[in-house]
Amino acid sequence: MNCLFCKIIEKKIPSKIVYEDERVLAFEDINPQSPVHILVIPKKHISTALEIKDEDNELIGYMFQVANKIAKGKNIAERGFRLVLNCNHEAGQTVFHIHLHLLGGRVMHWPPG
Ligand code: AMP
Ligand code: ZN
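Owing to the predicted nature of the structure, the values given are computational and were not obtained by experimental measurement. (Residues numbered from 1 in each chain as written. Chains lettered and ligands numbered in written order. Predicted model: local features only at pLDDT ≥ 70, side-chain atom pairs only at ≥ 80, totals over all residues. Heavy atoms only, no water.)

What to know about the pairing of strand β3 (residues 36-42)
The element β3 is extensively covered by neighbouring structure, given that seven of its seven residues are classed as buried. Burial along β3 is two-sided: V36, I38, V40 and P42 and H37, L39 and I41, pointing in opposite directions, are all buried. Bridge count between strand β2 (residues 24-28) and β3: five bridges; the pairing is antiparallel. Residue pairing for β3: A26 is matched across the bridge by V40. (Buried < 20%, exposed > 50% of the residue type's maximum accessible area, 1.4 Å probe, protein only. Helix = DSSP H or I, 4+ residues; strand = E, 2+ residues; numbered from the N terminus. Pairing = 2+ DSSP bridges.)

Next comes the structure, spelled out in structure tokens:
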């Protein structure tokens, strides 16, 4: 399997890691769209949101908890932040290993582009 984010997990490709434990990794997006733009990924390879199984439910919830912890650490929790998970091409998914975008540090617009 040729997965960019699995290679980041394995440290075969460098990244700016902001959080890591046995289940998840969080690192800075290489092309940030806001002052804070961090990707939270499961260490288990799941290609799209459509592939999430019952057995992954706790892991997916845990990704949100990690994102919350990072948002608090970056002092954007009270101001507000956005969590985005793009699924498949029309949503703009380009890396097929699920990732939560944690975006913050500026006012977000709605609807998204
Ligand atoms: P998506 O378009 O939702 O699949 O998001 C993929 C994200 O991965 C984009 O925001 C990219 O900027 C980011 N990205 C791609 N390659 C890297 C990399 N090597 N390190 C960090 N972020 C990356
Ligand atoms: Zn992967």
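Let's talk about the pattern of salt bridges
Scanning all chains against the criterion turns up six salt bridges. Among the ionic pairs, K12 bridges to E10, the shortest N-O distance being 2.9 Å. The salt bridge partner of E20 is K11, with a shortest N-O separation of 3.1 Å. Classification of E20 by relative accessible area gives partly exposed; the value is 34%. Through salt bridges that share partners, K11, E20 and K43 make up one connected network. (Salt bridge = Lys/Arg side-chain N within 4 Å of Asp/Glu carboxyl O.)

Description of the coordination of the zinc ion (ligand 2)
Those protein atoms acting as donors to the zinc ion (ligand 2) are C3 (SG), C6 (SG), H45 (ND1) and H97 (ND1), and they sit at 2.0 to 2.3 Å. Note that the zinc ion (ligand 2) binds four donor atoms; their angles at the metal cover 103 to 116°, and the shape is tetrahedral. Look at where the donors of the zinc ion (ligand 2) fall in the sequence and you get C-x2-C-x38-H-x51-H. Placement of the pair is C6 in helix α1 (residues 4-9) and H45 in the loop between β3 and α2 (57-73), with a sequence separation of 39 residues. By relative accessible area, H45 is classed as partly exposed at 26%. (Donors = N, O, S within 2.8 Å, 3.2 Å for Na, K, Ca; no water. Tetrahedral: all angles 85-135°; square planar, octahedral: opposite > 155°, others 65-115°.)

As for the packing of aromatic side chains
Considering all chains together, one arrives at one aromatic pair under this definition. Geometrically, the ring pair formed by F5 and F27 is edge-to-face, given 5.3 Å between the ring centres and 80° between the ring planes. Placement of F5 in helix α1 and of F27 in strand β2 is noted, with a sequence separation of 22 residues between them. The burial state of F5 is the same as that of F27; both residues are buried. When the ring centre of Y62 is taken as origin, the NZ or CZ atom of R23, which lies over that ring, is 3.8 Å away. (Phe/Tyr/Trp six-rings, centres within 6.5 Å; stacked < 30°, edge-to-face > 60°. Lys NZ or Arg CZ within 6 Å of the ring centre and 35° of its normal.)

Let's talk about the sheet that holds strand β1 (residues 17-20)
The strands that make up a sheet pair up through hydrogen bonds in the backbone, lying either parallel or antiparallel. Strand order in the open sheet made by the five strands is β1-β2-β3-β5-β4, with antiparallel pairing throughout. In this open sheet, the two edge strands, each paired with only one partner strand, are β1 and β4 (81-84). Strand-to-strand twist across the sheet, computed as the mean angle between neighbouring axes with direction ignored, equals 20°. Pairing geometry for β1 and β2, over three bridges, is antiparallel. Pairing of Y19 across the sheet is with A26, part of β2. Its contacts with the sheet put α2 on β1, β2, β3, β4 and β5 (100-104), and the angle it makes with β3 is roughly 155°. (Axes fitted to C-alpha atoms, helices over the stretch in contact; angles between N-to-C directions. Contact = heavy atoms within 4.5 Å.)

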